[in-house]
Amino acid sequence: MKPALFDYVRPESLSDALALLRDDEGATVIAGGQSLLPMLNLRVTAAEKLVDISRLHALQGTNDDGTTVSVGALVTHAAIEDGLHREAFNGLLQRVAAKIAYRAVRNMGTLGGSLSLCDPSADWPACLLALDASVIAASADDGEREIAMEEFLVDAYTTALESGELLTRVVIPRRPMARWGVSKVTRKSGAFADSLAIAVLGDGDLPTRVALTGIASCARLLIRTSGILDEDREATAATLAEAIREDIVEVHEDVTPYQLRCHHHTVSTAITEAQSWSK
Amino acid sequence: MVEVTLTINGEEETVVIDARDSLSDLLREKLNLTGTHVGCDHGACGACTVHLDGTPVRSCIVLAARCECSDILTIEGTRNDAITDVVRRHFHDKHALQCGFCTPGMLMMAVDIIRRYRVPSEEQVRAELSGQICRCTGYMGIVNAIVAAADELDGQRATA
């Protein structure tokens, strides 16, 4: 199998990369390529020109300023699996990273690449939505802008990135005491999720955020479910179950009975796991 | 056409390739290193696993052009490697291969598993191997071989 012909450029700096993206609307960015290359090989997508950003140092670093952690777009799943900024999120990022595909894929695949592709079953969009993260997008002429995850994730394979923009880093509020839960259903280990729910319970002024993916569009917050967990501590299991069901039906258009059960299972399991952490 | 210079099994090579060539294309078709097997060509089977700058990757979904200045280790480069030799011997002893198609990828992955876990449990080996497909279903033997090789290598370290 071979992809159709394309041109290949590897800019030496971020500004060169941004200029290339500004000047050529048909250009496709490649980072780790672990989703893009299979898609090109299978010819489910095509590219005229690949702009390889995988060597750009400006996108590789991370920084913890005590309030937020900034993670460069090129940080790999494997680096996070191996414990990068583990404490800042009480192990949540590490847990999510370790279950993405397989180690040989995690060694190449990047955080920014996963977000920019916005696969409807990908792990990072749901995780970062639950953590209330945002992304920084840069362009040649307009500098940088920050986009909250809710606005960034638009639909399946669709983000708020505009033509000429590049996702350069992700900014995540630190949650060293986070009580979280993750539940994922896959047909085989390492496959994309049929359903993935990530719950991060509220703490002080921070609200609970339960995110679900594996749905028709892209990762979405479950508003009723998150609200009940914060506002109604005495809510019965039946009330919570009804809120979960209403949320699923709202975010997953044409949900099948299997999908509904599957999502219900992951959401409930993630919440139970999150609640099992001692306060 | 793109010219790439990279190190393969300790030797510097300069190769002219198509931009769309994968690392597995470069290895097999330009350098005749056919020990790297290509099963699925879209990153699903793990047969083509090689080490890129010290970590395992799937060479069928890595662009050859991005490997400029990289250090690649293929199964051919492990011929006299002390650790791989131990793993290889245990693969033989435990009947960890039948047709042998997946074996180069299995060995490249096994060495990385032992490097990261030192003495992995059977459960850890199984989880880590989930991306390597063997269609002769030799998993029992493969898992046993990696666990046994890790134990032997750990014993060597203890007595060293």
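Not measured: the values here are computed from a predicted model.

Reading the values: the criteria
- Residues numbered from 1 in each chain as written.
- Chains lettered and ligands numbered in written order.
- Predicted model: local features only at pLDDT ≥ 70, side-chain atom pairs only at ≥ 80, totals over all residues.
- Heavy atoms only, no water.
- Contact = heavy atoms within 4.5 Å.
- Buried area = accessible area lost by both parts, 1.4 Å probe.
- Salt bridge = Lys/Arg side-chain N within 4 Å of Asp/Glu carboxyl O.
- Polar contact = N/O pair within 3.5 Å; in protein donor to acceptor, adjacent residues only side chain to side chain.
- Helix = DSSP H or I, 4+ residues; strand = E, 2+ residues; numbered from the N terminus.
- Nonpolar A, V, L, I, M, F, W, Y, C, P; charged D, E, K, R; others polar.
- Buried < 20%, exposed > 50% of the residue type's maximum accessible area, 1.4 Å probe, protein only.
- Pairing = 2+ DSSP bridges.
- Axes fitted to C-alpha atoms, helices over the stretch in contact; angles between N-to-C directions.
- Domains from an automatic or database assignment.

### Looking at the interface of chain A and chain B
For step 1, the next point in the chain: Every contact between the two is made by 29 residues of chain A and, on the other side, 28 residues of chain B.
For step 2, the next point in the chain: A combined buried area of about 2,400 Å² lies between chain A and chain B, and 57% of that area is made up of carbon and sulfur atoms.
For step 3, the next point in the chain: Linking chain A with chain B are two salt bridges, by the criterion used here.
For step 4, the next point in the chain: The interface formed by chain A and chain B includes 10 residue pairs in polar contact (both at pLDDT 80 or more).
For step 5, the next point in the chain: The set of elements that each furnish at least two residues to the side of chain A that touches chain B consists of helix H2 (36-41), strand S3 (49-52) and helix H5 (103-106) of chain A.
For step 6, the next point in the chain: A total of four residues in the side of chain A that touches chain B trace back to one element, the largest contributor, which is H5 of chain A.
For step 7, the next point in the chain: When the residues that make up the side of chain A that touches chain B are grouped by side-chain class, the tally is 15 nonpolar, seven polar and seven charged.

### Remarks on unusual backbone geometry
Negative phi is the rule for most residues except glycine; trans is the rule for most peptide bonds.
For step 1, the next point in the chain: With a phi close to 55°, Asn 90 of chain A is a non-glycine residue in the positive phi region.
For step 2, the next point in the chain: Tracing the chain through its elements places Asn 90 of chain A in the loop between helix H3 (77-81) and helix H4 (92-98).
For step 3, the next point in the chain: Here Asn 90 of chain A falls in the buried class, since its relative accessible area comes to 19%.
For step 4, the next point in the chain: Not every positive phi belongs to a glycine, and His 95 of chain B is a case in point at roughly 55°.

### Description of the pairing of strand S1 (residues 2-8) of chain B
On any regular strand, side chains alternate: one points to one face of the sheet, the next to the other face.
Residues and elements named next belong to chain B.
For step 1, the next point in the chain: As paired strands, S1 and strand S2 (residues 11-17) are joined by seven bridges and run antiparallel to one another. In the sheet register, Val 2 faces S2, and the bridge partner there is Ile 17.
For step 2, the next point in the chain: Linking S1 back to S2 in an antiparallel pair, the connection comprises two residues, with Asn 9 at a positive phi of about 50°.
For step 3, the next point in the chain: Here S1 pairs with strand S5 (residues 71-73) via two bridges, running parallel.

### Re the sheet that holds S2 of chain B
Residues and elements named next belong to chain B.
For step 1, the next point in the chain: Spatially, the five strands line up as an open sheet ordered S2-S1-S5-S3-S4, and their pairing is mixed. Edge strands, defined here as strands with exactly one partner in the open sheet, are S2 and strand S4 (55-58). Between one strand axis and the next, the sheet turns by 40° as a mean value, whatever way the strands run.
For step 2, the next point in the chain: Contacting S1, S2, strand S3 (49-52) and S5, helix H1 (residues 23-30) crosses the sheet at an angle of about 100° to S2.
For step 3, the next point in the chain: Packed on one face of the sheet, helix H3 (residues 103-117) meets S3, S4 and S5 and runs near 50° to S3.

### Let's talk about the domain arrangement of chain A
When the parts of a complex come together, some accessible area is lost, and that lost area is often taken as the interface size.
Residues and elements named next belong to chain A.
For step 1, the next point in the chain: For chain A, the domain assignment lists domain 1 (7-52), domain 2 (57-173) and domain 3 (180-275).
For step 2, the next point in the chain: Of note, the centres of domain 2 and domain 3, computed from C-alpha atoms alone, are 21 Å apart.
For step 3, the next point in the chain: On the side of domain 3, 24 residues touch domain 2, which itself brings 28 residues to the contact.
For step 4, the next point in the chain: For the pair domain 2 and domain 3, the summed buried area comes to about 2,000 Å², and 60% of that belongs to carbon and sulfur atoms.
For step 5, the next point in the chain: Broken down residue by residue, the surface that domain 2 buries against domain 3 is led by Arg 95, Ser 121 and Ala 130, which jointly contribute 25%.
For step 6, the next point in the chain: Across the domain 2-domain 3 interface, the total number found is four salt bridges.
For step 7, the next point in the chain: Applying the counting criterion to the domain 2 and domain 3 interface returns 14 residue pairs in polar contact (both at pLDDT 80 or more).
For step 8, the next point in the chain: Looking at the side of domain 2 that touches domain 3, the elements that each hand over two or more residues are H4, helix H7 (123-130) and strand S8 (153-155).
For step 9, the next point in the chain: The dominant element in the side of domain 2 that touches domain 3, judged by the number of residues it contributes, is H7, at six residues.
For step 10, the next point in the chain: Among the residues making up the side of domain 2 that touches domain 3, the classes are represented as 18 nonpolar, three polar and seven charged.

### Describing the side chain of Asp 123 of chain A
Residue and element names in this part refer to chain A.
For step 1, the next point in the chain: Among the structural elements, Asp 123 can be located in helix H7.
For step 2, the next point in the chain: Residue classification places Asp 123 among the buried positions, given a relative accessible area of 6%.
For step 3, the next point in the chain: Leave out the neighbours within four places in its chain, and Asp 123 touches Val 96, Lys 99, Ile 100, Lys 184, Leu 196 and Ile 198.

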